[in-house]
Amino acid sequence: MTRLLEQSENLLAHTSLNFKRFLFEQIKWKNRLIGIKGARGTGKTTLLLQWLKQQNLPAATAAYFSLDDLYFSGNSLKETVRDFYKQGGKILVLDEVHKYKNWATEIKNCYDFFPDLKLIFTGSSIIDISKQEGDLSRRALMYEMPGLSFREYLAMKNIIHVPAIPLEDLLKKAGLIKKELPADFRPLQYFSDYIKTGYYPFVLEDTESVHQKINQLVRTIVEYDMVELKDLDMRNAKKLLQLIYVIAQQVPFKPNLTSLAEKTSIHRNSLVNYLHYLEQAKILFLLYPAGRSTAVLQKPEKIFLNNTNLLYALAEEKAETGTVRETFFMSQLHPFHKLQMPKKGDFIVNDKYTFEIGGKGKEHKQIAGVENAWLVKDNLETPVADEIPLWMFGLLY
């Protein structure tokens, strides 16, 4: 216990408060049980350490424990929390909870047995809290953390600080929003760097090694998180990596399950499940036709990589411009909006707004006659009529 408290103090001492993710202001911190899910590398740990540091309490009262620490391979979480509570503990942050076998049941027990103890935990985006034992879903207030938006990237780099813009506001008054930005701000100057290296907060550490780190991240997610959480055989993990590689070379991928099964040696009946797992892990994004229910797992119409940084890191050939455009648009909207594939256009959002994504010369013919439809163009700095610059969709969160 003493070593865990010392580690907590050391981590807080080295935690910077200079930049905070958007979720920091959205979390209802007064709740007694809070959970944050998200993909590896998106900054969940840093966010919790920042909040804990702001409480300005001694480690014996407010501490951070990571459940992938070797300590928990031989010690019970419930007993550790009991000891912490007996010594005056009031706030406990538990990181990487999915690394501990019976995490949901024991956290639920701690919540019930210690009614004045505040518990905040993080876990992989793959975990489904509603399916965990202990009925934790009724007790915990859950949030999900995506990667950096273009807006957050600009703030993290101290280039420009602007509030997030609701999608409806962007569509109604894009021109006015652009006019309110500083006159000397040139968004396209920074856009290229963001789409290549700006989605994961570790870009601050070392821009040169971002793609290498992303490759390692993907391997870790598949070989450790997915093997543990989805009970996959390690041999299947290797097939999953091959599946990611095959898709990355030809995104947006229109899946032929028979062909994909042959290329990856994955049984056709397992493929749809595996694709769904990879979407939960935030490696892929599956796009389904508008009007079709996704309650039952089905074959998607198109498969994208989750964000443009993955695209540049995993695709061996130069990323195709049209794919980069669509992937960026998708990555900025899918965390908080419903995206489907319409009959006309590239995306329909929230069953209402249709978007066609393209370059400067893109015309309206693909969305002619469609209500609530917009052209979204890259290499465009300022909105014109129903044409909105692609970069502006990076201001949504």
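Residues numbered from 1 in each chain as written. Predicted model: local features only at pLDDT ≥ 70, side-chain atom pairs only at ≥ 80, totals over all residues. Heavy atoms only, no water.

### Let's talk about the overall build of the chain
Spelled out, the test is: The helix and strand labels rest on DSSP assignments: H or I over at least four residues marks a helix, E over at least two residues marks a strand, and numbering proceeds from the N terminus. Note on method: radius of gyration uses C-alpha positions; expected globular size equals 2.2 Å times residues raised to 0.38. Accessible area is worked out with a 1.4 Å probe on protein chains only. A residue is then buried under 20% of its type maximum, exposed over 50%, and partly exposed in between. In what follows, residue pairs with any heavy atoms lying within 4.5 Å of each other are defined as contacts.
Regarding its fold elements, the chain presents 15 helices and twelve strands. Taking 397 residues into account, the globule formula puts the C-alpha radius of gyration at 21 Å, and the chain, at 22 Å, falls close to it. Along the first, second and third principal axes, the C-alpha set of the chain runs to 70 × 55 × 40 Å. Put simply, the chain has 397 residues, and 55% of those count as buried. Counting only contacts in the chain whose residues sit at least 6 apart along the sequence, the fraction spanning at least 24 positions is 66%.

### Thoughts on the sheet that holds strand β1 (residues 33-38)
The strands that make up a sheet pair up through hydrogen bonds in the backbone, lying either parallel or antiparallel. We apply this condition: Each pair of strands is called paired provided DSSP finds at least two bridges between the two strands. Note on geometry: axes are lines fitted to C-alpha atoms, helical ones only across the stretch in contact, with angles between N-to-C directions running from 0 to 180 degrees.
Strands sit in the order β2-β3-β4-β1-β5 across an open sheet of five strands; the sheet is parallel. Sheet topology places β2 (62-66) and β5 (141-145) at the edges, where each strand pairs with a single neighbour. When strand polarity is set aside, the average angle formed by the axes of neighbouring strands in this sheet is 15 degrees. Of the pairings in the sheet, the one linking β1 to strand β4 (residues 118-124) comprises six bridges and is parallel in character.

### Things to note about the packing of helix α10 (residues 210-229) against helix α11 (residues 234-248)
Here is the rule we go by: Rotating anticlockwise by less than a right angle from the far helix to the near helix defines a left-handed crossing, while the corresponding clockwise rotation defines a right-handed one. Under this grouping Gly is polar, as are all residues other than the nonpolar Ala, Val, Leu, Ile, Met, Phe, Trp, Tyr, Cys and Pro and the charged Asp, Glu, Lys and Arg.
Interhelical geometry of α10 versus α11 gives an angle of 145 degrees and a closest axis separation of 10 Å. Crossing hand, α10 versus α11: right-handed. Listed contacts from α11 to Val218, Arg219, Val222, Glu223, Met226 and Val227 of α10 are Met234, Ala237, Leu240, Leu241 and Ile244. Taken together, the residues that form the contact of α10 with α11 break down as nine nonpolar, no polar and two charged.

Nothing here speaks to function; it is all geometry.
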